[in-house]
Each structure stands twice: as C-alpha cells, then as structure tokens.
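# Structural description and commentary
If you want the building blocks of each chain, they are given just below.
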Amino acid sequence: MKLTINGTGYVGLVTGACFAEVGHHVLCVDNDAAKIKLLKEGGIPIYEPGLEELVKKNVAAGRLSFTTSIAEGVQKSDVIFIAVPTPPQPDGSVDLSFIERVARDIAAAMTDYKIVVDKSTVPVKTGEKVAETIKRYCPAKVDFDVVSNPEFLREGFAVCDLMKPNRIVIGVRSQRPVAVMKKIYTPFNAPIVVTDINSAELIKHASNSFLALKISYINAVAVLCEATGANVQEVAAGMGMDERIGRPFLNAGIGFGGSCFPKDLSAFVKIAEQIGYDFHLLKEVQRINAGQMERFVKKITDTLWVLKDKKIGVLGLAFKQNTDDVRTSPAIELCQRLQKEGATLRVHDPKAMGKARAILSNVTYVDDMNDVAEGCDALVVATEWDEFKKLDLERARKSLSHPIMFDGRNLFDPGEMGRLGWIYKSVGR
Ligand code: UGA
C-alpha cells in the first residue's frame with residue numbers, strides 16, 4: 001500500500017520504517033528541511049536500536065523515501081498519517097497547533113478521498129476537531145475519513161514494539177476506512193480493536209496513565225519497604241506473579257520521566273478537569289513521582305552531608321535505557337539538583353551525552369563508564385542501562401575517596417555490594 005507519514009520523530013520515523021519493512025511504500029514528510037536532508041543522505045536523527053539498519057534497507061529497496069512537501073505526500077498516498085508532536089503547555093494542557101497545521105495543509109492538498117489517521121497522542125475529541133478542520137479548509141470539498149490509531153511503542157524498544165504489537169487500536173466514525181486500516185496492519189499479526197474515535201483516543205491516555213500509576217504504586221511501596229527492612233524487588237516479584245497484576249512496570253527507582261508519561265498524565269488530569277471530573281488519583285501519581293526524586297536527593301545529602309566542593313560521578317543521563325532521549329529525564333533533573341547543592345559532576349551515558357550537552361553544562365562528560373568515579377566522593381546510578389551492571393566495581397571502589405554508591409535504579413545486589421566493601425544505598429531495599 002502507499003502510505004504517507006507526517007512527522008519523522010520517534011513515532012513517525014519508526015512507524016514509517018516498519019511499514020516499509022512489511023512491504024508498504026512509505027513517504028515520510030517533515031517540515032524540518034535539515035532533518036529530511038539528513039535522512040536522504042542516509043543519516044538517522046535519533047538513536048533507536050535497529051532503526052538505522054531498517055531505514056537503510058528499505059530506502060535501498062525503494063520502499064521508503066522522504067520529502068518536506070505535505071502536498072506531495074497527500075497526492076502520492078490514499079492514507080495519510082499524522083505523527084507530529086503534541087507538546088505540553090504550562091497549564092498541563094496539550095499544544096495541538098502542530099496537529100491543526102498539518103490537518104489544514106493536508107486539507108488544502110486533497111483532491112480525492114483520503115483516510116487521515118492520527119497517530120499522535122491527543123486529548124479525547126481531537127479527531128472530531130481534525131475532521132471539522134479538514135472539512136473547513138479543503139477547497140475541493142472531497143470526501144474523507146478521520147481515523148484514530150494511537151501508538152504504544154516504547155522508546156528504546158520501538159522497532160520491536162512496532163513489529164510485534166500487543167494490539168492495534170483503530171478508532172473510526174464510519175466503517176468505510178476499516179478494511180484499508182486492517183490491510184495495513186495484517187502483516188503485523190496482532191489483535192485489532194475497532195472502536196469509535198473518542199474511545200481510541202481515551203485508550204491511549206488511559207493506558208499511559210495506568211502505567212505511570214503502576215510505577216508510582218511500587219515507588220510508594222518502596223518507601224514502606226525501606227522503613228521496614230523489606231526488599232521492594234522481592235515484593236514486586238511476588239506481586240507480579242499474579243497475572244492480574246504482572247511484573248512489568250513494577251521497578252522502583254527515582255521516578256518516571258520522558259516525553260510521554262509526565263506530559264500525558266498532566267493532559268489527562270486537564271482533560272478530566274475540563275469535563276468536570278477531578279482526577280485526584282492521577283494527581284497523587286504525580287505527587288508520588290516528584291517525591292521519589294526528593295527522597296533520593298535527601299538520601300545523598302543525608303550521607304554526604306554538605307555537597308559543596310564534593311565531586312560526584314553520575315552514570316546515566318537518558319530518561320531510561322536504550323535511548324539518547326533526555327527530555328524530562330529524571331537523571332538530568334538529579335544532576336541539576338546535585339549541582340544546585342554545590343556538587344561538581346563527572347557524568348557518563350552510553351548514548352545520550354550528545355543531547356545532554358545542550359541542557360546540562362558545567363559537568364565533565366566522561367567517555368568510558370569505568371573512568372567516571374575517578375577522584376569522586378560518591379557514585380550515583382541514575383538510568384537503568386543494562387551495561388552499567390558490567391561496571392568494573394573494584395576499579396570504581398578504588399577510584400572513589402570513599403566507596404559510596406547511590407543506586408537510583410536498583411541495578412546491583414545489596415548483599416553482594418556489602419561483601420565487596422561498598423556503602424550501597426538503593427531504592428526500597
Ligand atoms: C511510554 C509507554 O510505555 C509506551 O507504551 C507509549 O507508547 C509511550 O510512552 C508514548 O506514549 O509514546 P516511553 O516513554 O518510551 O513509553 O518509556 P517507558 O518504557 O514507558 O518508561 C517511561 C519512564 O518510566 C522511564 O523514565 C522509565 O525509567 C520509568 N520506569 C519504567 C520506571 O521507573 N519503572 C518501571 O518499572 C518502568
């Protein structure tokens with residue numbers, strides 16, 4: 001099938017590459033000329049495992065191409081996806097101006113029936129607005145359908161999530177686009193949920209908010225574990241064996257971040273408020289998440305006391321493992337908090353140092369994780385990168401003035417760390 005995707009961010013580019021991989025012909029559109037130039041030259045603007053190979057392979061096969069022209073995208077395909085950013089506004093609501101702009105540009109270029117599919121995370125009822133907008137701004141007054149098709153990929157696992165999705169959600173206002181949408185997704189062999197547009201939009205916000213709630217829940221349990229000498233990982237393992245609960249997203253730590261959960265929670269709270277419902281539960285989720293960071297910083301200052309003139313090594317800057325994304329990263333927030341207390345920092349991240357440089361200054365960026373502890377008073381783990389588990393603990397212990405580690409992601413075993421001579425403080429254990 002011939003498909004156009006507007007937006008070449010994490011969602012748009014990975015979706016485009018995966019659609020091409022299963023045999024569709026995909027044109028990716030972005031108004032950022034520099035990004036399109038880079039992609040045309042074989043470059044990839046983001047780090048996502050497996051993406052570069054997928055893009056190269058499908059460009060070479062002639063199934064994936066790039067342009068800055070929305071009109072070209074509309075003309076060349078019958079199905080036009082919208083995967084542009086929906087950033088947060090200061091009051092917690094969502095800025096839908098990119099969606100509106102793209103909808104207008106699509107409308108202006110339409111000369112025959114098109115299916116316009118929203119993949120961006122949007123507040124419930126956005127589909128209705130997109131439909132009104134297209135109707136208003138389409139000079140040719142042609143027929144069209146708007147579909148809501150939320151994306152559930154995780155950064156860092158995006159290719160895998162897209163190729164093997166748990167489910168595909170398709171929100172429609174008529175049956176006309178259903179067969180085409182099903183045909184697009186048939187190669188992915190996933191259950192397809194067909195529903196109305198408002199329900200599809202709510203499925204996305206409700207899912208992300210629930211996952212954030214799950215993390216805050218285990219973080220609250222971690223506080224009880226710490227106070228009682230229990231071990232939150234063992235509690236999570238025991239809880240997770242109940243298939244109604246499940247083990248994923250029960251990892252306690254310094255809280256969730258990224259460009260989705262914090263933004264989507266605020267948006268969902270705001271949407272509820274506008275409808276007249278006070279979503280207290282989600283406000284508490286936000287409060288617990290902020291508290292995790294407070295508690296962790298306090299753990300560090302309780303142990304090291306005055307941070308002024310202390311040197312701290314920090315492992316991890318990305319908001320989670322397997323990504324170079326530092327947007328709303330708890331690791332960056334932690335660094336900034338420690339700097340505010342007067343500490344100087346030596347930092348390392350396997351992939352995110354390039355992007356971190358733009359928002360985190362006055363730190364020493366260290367290329368090798370094993371050099372981070374050099375001359376420091378303590379070591380902090382801020383991101384759950386698997387490779388940090390392979391840290392040369394003996395060398396790090398000897399490099400530090402005192403063998404103190406604050407592990408905000410519970411990567412190491414407390415018993416083992418004690419035996420190796422570390423003063424080891426983690427979360428909920
Ligand atoms: C999240 C959802 O998981 C995706 O399903 C969704 O498609 C995406 O948002 C989106 O809306 O686009 P993502 O933000 O990429 O994906 O990352 P997650 O893997 O969900 O992690 C989010 C944050 O929660 C990270 O900071 C991570 O470290 C933290 N986390 C995750 C925990 O603290 N504990 C856990 O057990 C799991």
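Computed from a prediction, not measured in an experiment: that's the story for all the values here.

## Some remarks on the overall build of the protein chain
Summing up its helical and strand segments, the protein chain has 16 helices and 14 strands in all. Seen along its three principal axes, the alpha-carbon backbone of the protein chain occupies a region of about 70 × 50 × 40 Å. Buried residues in the protein chain amount to 53% of all 429 residues. A fraction of 71% describes how many contacts in the protein chain between residues 6 or more apart in sequence connect residues 24 or more apart. When the accessible surface of the protein chain is split by element, carbon and sulfur atoms take 54% of a total near 19,100 Å². Where the 55 positive side-chain charges of the protein chain centre and where its 53 negative ones centre are 2 Å apart.

## Examining the site of the ligand
Of all residues adjacent to the ligand, which total 20 residues, the nearest are Phe152, Leu153, Glu155, Lys204 and Asn208. A distance of 3.4 Å is found between an oxygen atom of the ligand and a backbone nitrogen or oxygen belonging to Glu151. Asn208 is positioned with one of its side-chain polar atoms (N or O) 2.7 Å from an oxygen atom of the ligand. Sorting the residues of the shell around the ligand by element identifies helix 9 (197–228) and helix 11 (261–275) as the ones contributing at least two each. The greatest single-element share of the shell around the ligand, amounting to three residues, is contributed by helix 9. A domain-level breakdown of the shell around the ligand finds at least three residues from each of domain 1 (2–190) and domain 2 (210–425).

## Observations concerning the packing of helix 9 against helix 11
Interaxial distance between helix 9 and helix 11 falls to 9 Å at its minimum, and their mutual angle equals 115°. The hand of the helix 9/helix 11 crossing is left-handed. On helix 11, the residues touching Leu202, Lys204, His205, Ala206, Asn208, Ser209, Leu211, Ala212 and Ile215 of helix 9 are Phe261, Asp264, Leu265, Ala267, Phe268 and Ile271. Residue composition of the contact of helix 9 with helix 11, by class: ten nonpolar, three polar and two charged.

## Some words on the nonpolar core
Core analysis: the largest hydrophobic core is formed by 60 residues, its most contacted members being Ile300, Ile312, Leu317, Leu334, Leu379 and Met405. Beyond its immediate sequence surroundings of up to four residues, Met405 is in contact with Leu379, Val381, Leu391, Leu393, Phe412, Met417, Trp422, Ile423, Tyr424 and Lys425. Counting 39 residues, the second-largest nonpolar core is a separate cluster that includes Val14, Ile46, Val117 and Leu153.

## Focus on the domain arrangement of the protein chain
Partitioning the protein chain into domains gives domain 1 (2–190) and domain 2 (210–425). The C-alpha centroid of domain 2 is placed 33 Å from the C-alpha centroid of domain 1. Opposite the 19 residues of domain 1 that make contact, domain 2 presents 17 residues. With both sides pooled, the region where domain 1 packs onto domain 2 buries about 1,400 Å², and carbon together with sulfur makes up 58% of that total. By the criterion of area lost to domain 2, the three top residues of domain 1 are Tyr10, Tyr47 and Glu155, representing 38% of everything that side buries. Here domain 1 and domain 2 share two salt bridges between them. Salt-bridge contacts for Lys270 lead to Asp91; the nearest nitrogen and oxygen are separated by 3.9 Å. Joining domain 1 to domain 2, the criterion identifies six residue pairs in polar contact (both at pLDDT 80 or more). Taken together, the residues of the side of domain 1 that touches domain 2 break down into eleven nonpolar, five polar and three charged.

## Regarding the packing of helix 5 (residues 97–109) against helix 6 (residues 126–137)
Running from N to C, helix 5 and helix 6 cross one another at 40°; their axes reach a closest spacing of 8 Å. The crossing of helix 5 and helix 6 is right-handed. Taken together, the residues of helix 6 that come into contact with helix 5 (itself represented by Ile99, Glu100, Ala103, Arg104, Ala107 and Ala108) are Thr126, Val130, Thr133, Ile134 and Tyr137. Counted by class, the contact of helix 5 with helix 6 contains seven nonpolar, two polar and two charged residues.

## A few points about the environment of Arg395
Within the secondary structure, Arg395 sits in helix 15 (residues 393–399). Residues Arg395 and Asn231, 164 residues apart in the sequence, show an inter-C-alpha distance of 28 Å. A distance of 3.4 Å separates the side chain of Arg395 from the backbone oxygen of Asn370, its partner in a polar contact. Side chain to side chain, Arg395 and Asp371 meet in a polar contact 2.2 Å long.

## Some remarks on helix 8 (residues 178–185)
Residues of helix 8 that are buried include every one of Val178, Met181, Ile184 and Tyr185, and no others. Buried residues along helix 8 cover an arc of 125° about the axis, so they all sit on one side. Counted as exposed and oriented over 90 degrees from the buried face of helix 8: Ala179 and Lys183.

## Examining the environment of Glu294
Counting through the fold element by element, Glu294 comes out in helix 12 (residues 280–304). Under the relative-accessibility criterion, Glu294 is labelled partly exposed at 44%. When the C-alpha atoms of Glu294 and Leu334 are compared, they prove to be 9.3 Å apart, with 40 residues separating the residues in sequence.

## Thoughts on the sheet that holds strand 13 (residues 404–407)
Here we have six strands laid out as an open sheet, ordered 11-10-9-12-13-14, and parallel in their pairing. Single-partner strands in this sheet number two, and they are strand 11 (364–365) and strand 14 (423–425). Packed on one face of the sheet, helix 13 (residues 330–340) meets strand 9 (311–315), strand 10 (344–348) and strand 12 (378–381) and runs near 160° to strand 10.

## Brief notes about helix 5
For helix 5, spanning 13 residues, the distance from its first C-alpha to its last is 19 Å, which sits close to the expected 18 Å at 1.5 Å a residue. Considered for burial, the residues of helix 5 that qualify are Ile99, Val102, Ala103, Ile106 and Ala107. Down the axis of helix 5, the smallest arc covering the buried residues is 140°, so these residues share one side. Of the surrounding secondary structure, the elements contacted by the buried residues of helix 5 are strand 1 (2–6), helix 4 (70–76), strand 4 (79–82), strand 5 (114–118) and helix 6.

Analysis parameters
Residues numbered from 1 in each chain as written. Predicted model: local features only at pLDDT ≥ 70, side-chain atom pairs only at ≥ 80, totals over all residues. Heavy atoms only, no water. Helix = DSSP H or I, 4+ residues; strand = E, 2+ residues; numbered from the N terminus. Buried < 20%, exposed > 50% of the residue type's maximum accessible area, 1.4 Å probe, protein only. Contact = heavy atoms within 4.5 Å. Areas by Shrake-Rupley, 256 points an atom, 1.4 Å probe, with all protein chains shown as cover. Lys, Arg positive; Asp, Glu negative; His and termini not counted. Charge placed at Lys NZ, Arg CZ, Asp CG, Glu CD. Near = heavy atom within 4 Å. Polar contact = N/O pair within 3.5 Å; in protein donor to acceptor, adjacent residues only side chain to side chain. Domains from an automatic or database assignment. Axes fitted to C-alpha atoms, helices over the stretch in contact; angles between N-to-C directions. Left-handed = near helix turned anticlockwise from the far one by under 90°. Nonpolar A, V, L, I, M, F, W, Y, C, P; charged D, E, K, R; others polar. Core = buried A, V, L, I, M, F, W, Y, C linked by side-chain atoms within 4.5 Å. Buried area = accessible area lost by both parts, 1.4 Å probe. Salt bridge = Lys/Arg side-chain N within 4 Å of Asp/Glu carboxyl O. Arc of directions from axis to C-beta. Pairing = 2+ DSSP bridges. Expected span 1.5 Å × (residues − 1).

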